[in-house]
Amino acid sequence: MSKISGHVVGESPLRVWGLPSELRLRRQFDRAGVGTAPADRAVLLRADWVYDQPIVRSLAAAREDCALLADDGRCVGMSIGTERRDEAAAALAAYGVPPGVRAAGRAELASSYDDKLRKRELPYLMPLTPETLPAVEHRVFGGAYKGVTDAVTLYLWPAPARAATRFCARHGITPNQVTFASLLLVFAAMWLFWTGRFGSGLIAAWAMTFLDTVDGKLARVTLQSTRFGDVFDHGIDLIHPPFWWWAWIVGLPAAGLPLADASPVLAAIVAGYVLQRLEEGAFIAWFRMDMHTWQRFDSRFRLITARRNPNLVLLTVSALVGRPDAGIVAVAAWTVISLLIHTVRLAQAALYRRRGPVRSWLAP
């Protein structure tokens, strides 16, 4: 028997990112560990409101009767003992709070820091009406975006990614299907780089990075994130970049611009990439946070650090000026510089911990 059961109060004909309101809430219940079978406690949510997942999790984790208040003071959610469920449902339908139930706003109830998405923002809580639906979908999409990432993903992709995500949601295209399409583009870009067709390869590569943004956003706004999808997506992201840069080097002779000695360039790129990933893993293991969320400098450096998208910017510029050979040398140099900066930051965090706990600047 589940310890907590979830109940939707009322109904709404509106869909948020293609999802009927009740189905959306059911998926949120499932992600918060809330079942449908009889239980000791119940979480009740209104069908005509949209809740950020941290709010649902907080209500599910409550061990005392509490009511969720919207910013205008109306009660729009509740966690309560099962014996008072019917009373609570009637009160919630009228936006009321049953006697003896503690009332709290979203800021008090849920944390504003999302470690997985590397950002700090107040969880959203919005009424779902035909008039508010555009704003709701805009806010839900924004809530699916990582706060700390590279400059291309953060500043260039949001508007087109929102349009592509909407298209996928409306036509029943799943996140894993988008990820599979991005995998095909990984191989296409690698083959084109390998044969010296850098312009076509860059188009395929940038298309892949765009779909890599879309699949995650689609999974979050439609609440279709799965363990397999997460491993599938992040596995591709982790493995393919060094193979692209290797293929680029192999393709230079076909473009009439071979490197005099490609070995040190390739070694710097591959070793630097692997070591940076190991440093990031070590930071998480030692300090329980992403390296790029420690201090403001780290979050800003993540915008340009030698990861896939910033490296593609270097290669795109070099291809446009007709010097793809210089571009890959620049990628190698920037990889080494980024590795050194990460090494220094890892050492500084280790020294900092001697004086006190290492905490993210984004954490409350």
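Our structure is the block above this text.
Analysis parameters
Residues numbered from 1 in each chain as written. Predicted model: local features only at pLDDT ≥ 70, side-chain atom pairs only at ≥ 80, totals over all residues. Heavy atoms only, no water. Helix = DSSP H or I, 4+ residues; strand = E, 2+ residues; numbered from the N terminus. Buried < 20%, exposed > 50% of the residue type's maximum accessible area, 1.4 Å probe, protein only. Core = buried A, V, L, I, M, F, W, Y, C linked by side-chain atoms within 4.5 Å. Contact = heavy atoms within 4.5 Å. Pairing = 2+ DSSP bridges. Axes fitted to C-alpha atoms, helices over the stretch in contact; angles between N-to-C directions.

### So, unusual backbone geometry
Here is step 1: Positive phi outside glycine occurs at Tyr95, with the angle close to 60°.
Here is step 2: With respect to the helices, strands and loops of the structure, Tyr95 is situated in the loop between helix H3 (85–93) and strand E8 (102–105).
Here is step 3: By relative accessible area, which is 22% here, Tyr95 ends up partly exposed.

### Things to note about the nonpolar core
Here is step 1: One finds Val16, Val140, Phe193, Trp244, Trp248 and Ile328 to be the most contacted residues of the largest nonpolar core, which totals 51 residues.
Here is step 2: Residue assignment for this core shows that the elements contributing at least two residues are helix H5 (133–143), helix H7 (158–170), helix H8 (175–194), helix H9 (198–221), helix H10 (227–251), helix H11 (262–287), helix H13 (308–320) and helix H14 (324–352).
Here is step 3: Broken down by element, the residue count for this core peaks at 10 residues, all from H9.
Here is step 4: Ignoring sequence-local partners within four residues, the contact set of Phe193 consists of Phe198, Gly201, Leu202, Ala205, Trp244, Ala247, Trp248 and Gly251.
Here is step 5: In terms of nonpolar packing, the next biggest core, distinct from the first, is built from 23 residues, Val8, Phe29, Leu59 and Ala62 among them.

### Focus: the sheet that holds strand E6 (residues 66–69)
Here is step 1: One open sheet accounts for five strands, arranged E1-E4-E7-E6-E8; its pairing is mixed. The open sheet terminates on both sides in strands that have one partner only, identified here as strand E1 (4–9) and E8. Pairs of neighbouring strands in the sheet enclose a mean axial angle of 20°, with direction left out of account.
Here is step 2: Across four bridges, E6 lies against E8 in parallel orientation. For Cys66, the partnering residue across the bridge sits in E8 and is Arg102.
Here is step 3: Helix H1 (residues 21–31) rests against E1 and strand E4 (41–46) of the sheet, and its axis sits at about 165° to E1.
Here is step 4: The sheet contacts of helix H2 (residues 53–61) involve E1, E4, E6 and strand E7 (75–81), and relative to E4 the element is tilted by about 150°.

### Brief notes about the pairing of E4
Here is step 1: Counting buried positions over the six residues of E4 gives six, a clear majority of the element.
Here is step 2: The alternating pattern of E4 places Arg41, Val43 and Leu45 on one face and Ala42, Leu44 and Arg46 on the opposite face, and all of these are buried.
Here is step 3: When E4 meets E7, the two strands line up antiparallel, connected through five bridges. By the bridge assignment for E7, Arg41 is matched with Gly81.

### Digging into the pairing of E7
Moving residue by residue along a regular strand, the side chains alternate between the two faces of the sheet.
Here is step 1: Counting buried residues along E7, seven of its seven residues qualify, which places the element largely inside the surrounding structure.
Here is step 2: Judged from the four bridges that link them, E6 and E7 form a sheet pairing that is antiparallel. Bridge pairing in E7 places Leu69 opposite Cys75.
Here is step 3: The turn joining E6 and E7, which pair antiparallel and follow one another in sequence, is formed by five residues; a positive phi near 90° is taken by Gly73.

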